[in-house]
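# Understanding the architecture of this molecule
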Amino acid sequence: MTNFKLTELNEQAVQYIAVGAAVLGTGGGGDPHIGKLMALQAIRKYGPVRVVSPEELEDDALVVPLSMIGAPTVMNEKIPSVEQMTKPLELIEKELGRKVSAIMPIEVGGGNSLVPVIAAAERGIPLLDADAMGRAFPESQMVTFFLDGIDCSPITMADERGNGVLMHAIDGVWEERMARAITIQMGGSASICDYPVTGAQVKASAIPHTLTLAYEIGKILYESKDQKQNPIEEMLKHLNGYALFHGKAVDIRRRTEGGFTRGEAVFEGTDEQKGRTMRLFFQNEFLLATEDGESLAVTPDLISLLDQDTGMPITTENLKYGARVTAVGFPCDPKWRTPKGLETVGPQYFGYDAPYVPIEQLTAKKGGAQ
C-alpha cells in the first residue's frame, strides 16, 4: 500500500477517506459522516475531483485551505450548503485579485478533510493531497504554516444565512481570537478560508500525502474483516501505532463552551484489562489519556478511539455511554515536537498539568504496545 497515489476522489475514495480521516482527526475535525454525505452529494452532482500532490504544483500557484470552524456538535445540527462552502473562496479571490489553483484541507481530521471536496467539485478546482496538521487541532494557529511564520491573511468566513466576512490578522493567534468570536455570532459554526499560500510555501511547510494516508487507513478498516484480519491490529502496523487501552465508557462529560466541544470521558477496562481505568480529556480533539494520573498519550501525539468490534473511529460528539472501545495512539509529525510546535499544541497550552513525553517512550515505559 505504500506506493499507492491518490489521483481522483470518487465515491469509494470518499468512503475510505471519511473513516481514515476520523482516525487521524483524534475525535475532532467535525463529524466525518456529515462531511462524507456532503462530499458524496457534490461528486454525484459535479463528478469526481482531481487530486494533485504538492510536488505537482507550480511555485507561484495559489492554494487556499477551506474548512469549518466551530463546535462539531453544532455542525451536526446545522449542515452547511454548497454556497456556504464556495463563498469564502470567492471573497478571497476578489481580495487577492486572482483565481485559486488548488483547494486543500487545513487539517486531515474528521469532516474537515472532506469539506474542501464540496467547493472543489462545484468549482472544478483540484484538491491538494496535503494538510497543515497531519491530524486535527482545535485552534486556527495550530498549523505548520504558523510554525513557519507564514501570513494567515486575508481570512474569509461565511455562514448559512449568506453573511460573509473579510479580515486581516497580524498572526494566527489573533486570527483565532477574532474568527472564534465571529463564529459564535454566526451560530457556533462557520466556513473559513485562511493561510492562502503559494505552491512553494506548500512544498516547504505542509504535511504531504495525508489524504492518501487517510484513504489507506479507511481501506484497511473496511477490508480487514473481509480478509479475516483484525482491523485495529492491521491499522496499527501501518501507522506504527500503539493500543493503549481496551474498555467501555462509563462517564462522559461534554459541553459546548467558547466555540468548542470540551470535556472528559472515563473508561473501565474489560476482559484482561479489568480493574484498569482510563481518563480521556478533549477540546474538540482527544488531547490527553491518563491512567492513575500517569500519561498514556499526550498531545501533539494522536489519540483515537475505535469501536472494539468494527475498528471504526468514534468522534468526541458521537461517544456514548457503554461504548466498548480500544484507545490507540500514534506519533505526530516531527514538526509538532519542535519547541515552537510544543508551545503551540503541547499539553501546557491546553491547561493540562502533564509534561509532553513522546508516545514511543511512554509505551516503552509500560512495556510496549498492549
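Provided above is the structure to which this section pertains.
Described in the following lines is the structure provided in the data block. For clarity, every value in this text was computed on a predicted model and none was experimentally measured.

### Here's the deal with the overall build of the protein
Helix and strand counts for the protein stand at 12 helices and 19 strands. For 370 residues, the compact-globule estimate of 2.2 N^0.38 gives 21 Å, and the C-alpha radius of gyration of the protein, at 19 Å, lies within 12% of that figure. With the principal axes as the frame, the protein shows a C-alpha extent of 60 × 45 × 35 Å. Looking at the protein residue by residue over its 370 residues, the buried ones come to 61%. For the protein, contacts bridging at least 24 residues in sequence account for 73% of all contacts bridging at least 6. Counting 35 positive and 49 negative side-chain charges, the protein places the averaged centre of each group 3 Å from the other.

### Observations regarding the packing of aromatic side chains
Inspection of every chain in the model, using the stated rule, returns eight aromatic pairs. Geometrically, the ring pair formed by Tyr16 and Tyr215 is edge-to-face, given 5.1 Å between the ring centres and 80° between the ring planes. Of this pair, Tyr16 sits in helix α1 (residues 11–24) while Tyr215 sits in helix α9 (residues 210–223), and the two are 199 residues apart along the sequence. Neither Tyr16 nor Tyr215 differs from the other in exposure class; each is buried. Three or more aromatic residues link up through ring pairs in this structure, and these residues are Phe4, Tyr16, Tyr215 and Tyr222. Here the basic side chain of Arg135 rests over the ring of Phe137, its NZ or CZ set 4.0 Å away from the ring centre. Here Arg177 stacks its cationic end above the ring of Trp174, 4.5 Å away from the centre of that ring.

### Brief notes about the side chain of Ser224
Looking at the secondary structure, you find Ser224 in the loop between α9 and α10 (231–239). Among the residues examined, Ser224 registers a relative accessible area of 3% and is labelled buried. At a separation of 2.6 Å, a polar atom in the side chain of Ser224 contacts the main-chain carbonyl oxygen of Ile220.

### Digging into the nonpolar core
Counting 99 residues, the largest nonpolar core has Leu9, Ile17, Phe145 and Met235 as its most contacted members. Sequence-distant contacts of Phe145, defined by excluding residues within four places in its chain, comprise Pro65, Met104, Ile106, Ala132, Ile150, Tyr195, Val197, Ser205 and Ala206. Within the second largest apolar cluster, 21 residues are counted, among which are Phe286, Ala323, Val325 and Ala327.

### Brief notes about the sheet that holds strand β16 (residues 294–298)
Judged by pairing direction, the sheet is antiparallel, and its eight strands sit side by side in the order β16-β15-β14-β13-β12-β19-β17-β18 without closing on themselves. Only two strands of the sheet have a single partner each, and these edge strands are β16 and β18 (313–314). For strand β15 (residues 285–291) and β16, the ladder comprises four bridges, and the chain directions are antiparallel. Counterpart to Thr290 in the pairing with β16 is Ser295.

### Digging into unusual backbone geometry
Put simply, Ser153 and Pro154 share a cis peptide bond, and its omega is 0°. Residue position: Pro154 is located in the loop between α6 (144–147) and β7 (155–158). Cis geometry is adopted by the peptide bond preceding Pro300, which originates at Thr299 and carries an omega value of 15°. Structurally, Pro300 can be placed in the loop between β16 and β17 (302–307). With a phi close to 50°, Tyr195 is a non-glycine residue in the positive phi region. Considering the arrangement of structural elements, one finds Tyr195 in the loop between β9 (189–193) and β10 (197–198). By relative accessible area, Tyr195 is classed as buried at 0%.

### Concerning the layout of surface pockets
Put simply, the largest pocket is a space of about 480 Å³. If you go around the largest pocket, you meet 26 residues; those closest to its centre are Pro208, His209, Thr210, Leu213 and Leu239. At the level of secondary structure, the elements contributing two or more residues to the lining of the largest pocket comprise β11 (207–208), α9 and α10. Ranked by residue count, the leading element in the lining of the largest pocket is α9, at four residues.

Thresholds applied
- Residues numbered from 1 in each chain as written.
- Predicted model: local features only at pLDDT ≥ 70, side-chain atom pairs only at ≥ 80, totals over all residues.
- Heavy atoms only, no water.
- Helix = DSSP H or I, 4+ residues; strand = E, 2+ residues; numbered from the N terminus.
- Rg over C-alpha atoms; globule rule 2.2 N^0.38 Å.
- Buried < 20%, exposed > 50% of the residue type's maximum accessible area, 1.4 Å probe, protein only.
- Contact = heavy atoms within 4.5 Å.
- Lys, Arg positive; Asp, Glu negative; His and termini not counted.
- Charge placed at Lys NZ, Arg CZ, Asp CG, Glu CD.
- Phe/Tyr/Trp six-rings, centres within 6.5 Å; stacked < 30°, edge-to-face > 60°.
- Lys NZ or Arg CZ within 6 Å of the ring centre and 35° of its normal.
- Polar contact = N/O pair within 3.5 Å; in protein donor to acceptor, adjacent residues only side chain to side chain.
- Core = buried A, V, L, I, M, F, W, Y, C linked by side-chain atoms within 4.5 Å.
- Pairing = 2+ DSSP bridges.
- 1 Å grid on protein atoms, 1.4 Å probe; cavity = no way out; pocket = protein on both sides within 12 Å on 5 of 7 lines; lining within 4 Å.
- Points joined across faces, edges and corners; volume = space filled by probe spheres on them.

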